[in-house]
Amino acid sequence: MTNPAPQFRPRRSRSGGQQSRPWLKYAGLSGVAAILIVGSILAFIFARGNGNDSSPGSPTPGSTAGTAGGPEPVLDPPAYAYVVQVDDIGPTHETGPIETYIISADGFSSSGYFAAISAGEQAVEEWGYLDGYQALLQPVGQAADAAQGKPYIRTESFIFRTVSGARTAFDYLVRFHEQRPGSEKVEVAPLGNASAAFSIVQGTIPNTELPAVYNRFLFRRGNLVTIVQVFGALQFTSMDDARDFAVIVDQKALGERPAPTPTPGTSSGPGVPATTTP
């Protein structure tokens, strides 16, 4: 079965560089029945999350763990030390190898976060991009498990030379998500030195009629910028899930949790790709 697609950025060309891997995209899932169902379910969930006050800026109760504010460390690569790994989740999940790879400077510049490769190359230079990594954890039963409430968890972590460069990159990525069609900003408890959350309701869980949601939590800790995306059934998945997984990454950045650097072929972590092509 094909892994679910990230819906927050368009398809871009494959990346170059000796350690880069492609930013793989998949077609979005949609259906008329799902569209008709989404409105009522989404209204219920946002009403439940905001209580009787549905105005913007009212934080949803739930995930409050982790540290808001605090230190701004300058972390060293590799970026794959700062992603959610199988050992952080347990035996319900496994690494999705196709969506797990090093993001070189070329890979970052040619990603869908930029309208043109030249704009990405300029950002790499100006922001002082050093290293990046993407890791996908998928439920062992994949779509069947997602339909039962076990989501797909994807982490993107980027390390920059300075805190200032990471701050600029974070602000850019927030604006990018604000401008994506269908993206809704969600107010949740802050995390790290800066954070933001966005959600897209689109398509269905494969082989079901359950509406699907992509919840993305972005945060910065020092010179590290991380995006945690949780894909799952709308009725089972919330932004709190994405934030809770982001807390794991932040704890690694703060030295409060081990940040192992996995070796190729290990099943306990995202794994380091042995080749530059799929």
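Look up: the structure comes first, before these words.
Residues numbered from 1 in each chain as written. Predicted model: local features only at pLDDT ≥ 70, side-chain atom pairs only at ≥ 80, totals over all residues. Heavy atoms only, no water.

*Asks:* Whenever I open this one, the overall build of the chain confuses me. Can you help?
*Replies:* The secondary structure content of the chain amounts to seven helices and eight strands. Expressed as a percentage of the 278 residues in the chain, the buried residues total 53%. Within the chain, contacts between residues separated by at least 24 positions form 72% of all contacts whose residues are at least 6 apart in sequence. When the accessible surface of the chain is split by element, carbon and sulfur atoms take 53% of a total near 11800 Å². (Helix = DSSP H or I, 4+ residues; strand = E, 2+ residues; numbered from the N terminus. Buried < 20%, exposed > 50% of the residue type's maximum accessible area, 1.4 Å probe, protein only. Contact = heavy atoms within 4.5 Å. Areas by Shrake-Rupley, 256 points an atom, 1.4 Å probe, with all protein chains shown as cover.)

*Asks:* Would you mind going over helix 6 (residues 163-179) with me for this structure?
*Replies:* Residues separated by three or four positions in an α-helix point in the same direction, a consequence of the helix having 3.6 residues per turn. Here helix 6 is 17 residues long and its end C-alpha atoms lie 25 Å apart, about the 24 Å a rise of 1.5 Å per residue gives. Among all positions of helix 6, only V163, G165, A166, A169, F170, L173, V174, F176 and H177 are buried. At its buried positions, helix 6 is contacted by helix 4 (117-127), strand 4 (152-160), strand 6 (194-204), strand 7 (211-221) and strand 8 (224-233). (Expected span 1.5 Å × (residues − 1).)

*Asks:* Would you explain the nonpolar core in this entry?
*Replies:* Grouped together as the largest cluster of nonpolar side chains are 31 residues, with contacts concentrated most on Y82, Y133, F217, L224, M239 and F245. Broken down by secondary-structure element, the contributors of at least two residues to this core are strand 3 (129-139), strand 4, strand 7, strand 8 and helix 7 (239-253). Ranked by the residues each element gives to this core, the list is headed by helix 7, at eight residues. In terms of nonpolar packing, the next biggest core, distinct from the first, is built from 22 residues, F160, A169, L173 and F176 among them. (Core = buried A, V, L, I, M, F, W, Y, C linked by side-chain atoms within 4.5 Å.)

*Asks:* Help me understand the pairing of strand 8, please; the structure alone is not making it clear to me.
*Replies:* The two faces of a sheet get side chains in turn, since along a regular strand they alternate between them. Among the 10 residues of strand 8, 10 are classified as buried, and the element is accordingly described as predominantly covered. In the sheet, strand 4 pairs with strand 8 via eight bridges, with the strands oriented antiparallel. Considered in strand 8, the bridge of I159 is made with L224. With 10 bridges joining them, strand 7 and strand 8 adopt antiparallel strand pairing. (Pairing = 2+ DSSP bridges.)

*Asks:* Even after reading the chapter, I still don't get the pairing of strand 7, so can you show me in this structure?
*Replies:* Extensive coverage of strand 7 is indicated by the burial of 11 of its 11 residues. In strand 7, alternate side chains face the same way, and those of P211, V213, N215, F217, F219 and R221 on one face and A212, Y214, R216, L218 and R220 on the other are all buried. Note that strand 6 and strand 7 share nine bridges and pair antiparallel. Residue pairing across strands places F198 opposite R216, the latter belonging to strand 7. Where strand 6 hands over to strand 7, the hairpin turn is made up of six residues, of which N207 adopts a positive phi near 65°. Taking the residues that link successive antiparallel strands as the turn, the strand 7-strand 8 hairpin has two residues, and the phi of G222 there is positive, at about 60°.

*Asks:* Looking at this model, I keep getting lost on the environment of F219. Mind explaining?
*Replies:* Summarising the element assignment, F219 is placed in strand 7. By relative accessible area, which is 0% here, F219 ends up buried. With 26 residues separating them in the primary sequence, F219 and N193 have C-alpha atoms 7.3 Å apart. In this view, F219 contacts F170, L191, G192, A194, S195, L224, V225, T226, A246, V249 and D250; residues no more than four positions away in its chain are not counted.

*Asks:* Looking at this model, I keep getting lost on the side chain of T100. Mind explaining?
*Replies:* With respect to the helices and strands, the residue T100 is situated in the loop between strand 1 (93-95) and strand 2 (101-103). Of note is the side chain of T100, whose polar atom sits 3.1 Å from the backbone nitrogen of L136. (Polar contact = N/O pair within 3.5 Å; in protein donor to acceptor, adjacent residues only side chain to side chain.)

*Asks:* Is there a simple way to explain unusual backbone geometry in this structure?
*Replies:* Negative phi values dominate among residues other than glycine, just as trans dominates among peptide bonds. Cis peptide bonds are those with omega within 30 degrees of zero, and the linkage from P77 to P78 qualifies with 15°. Notably, Q142 is not glycine yet its phi reads approximately 50°, a positive angle. Counting through the fold element by element, Q142 comes out in the loop between strand 3 and helix 5 (143-146). Residue N207 is not a glycine yet carries a positive backbone phi of 65°. With respect to the helices, strands and loops of the structure, N207 is situated in the loop between strand 6 and strand 7. On the basis of relative accessible area, N207 is assigned to the exposed category, the value being 79%.

*Asks:* For this particular structure, what's the right way to read the packing of aromatic side chains?
*Replies:* For any pair of aromatic rings, the description consists of the separation of the ring centres together with the inter-plane angle of the planes. Summed over all chains, the structure comprises 15 aromatic pairs. Look at Y129 and F158: their rings are 6.3 Å apart centre to centre, the planes differ by 50°, and that puts the pair in the tilted class. Residue Y129 is found in strand 3, and its partner F158 is found in strand 4; the two are separated by 29 residues along the sequence. Relative to F160, the ring of Y129 lies with its centre 5.7 Å away and its plane at 80°, an arrangement referred to as edge-to-face. Taken together, the residues Y129 in strand 3 and F160 in strand 4 connect sequence positions 31 residues apart. The exposure class of Y129 is buried, given its relative accessible area of 5%. The class for F160 is buried, based on a relative accessible area of 0%. Members of the aromatic cluster, each reached through a chain of ring pairs, are F108, F114, W127, Y129, F158, F160 and Y172. (Phe/Tyr/Trp six-rings, centres within 6.5 Å; stacked < 30°, edge-to-face > 60°.)

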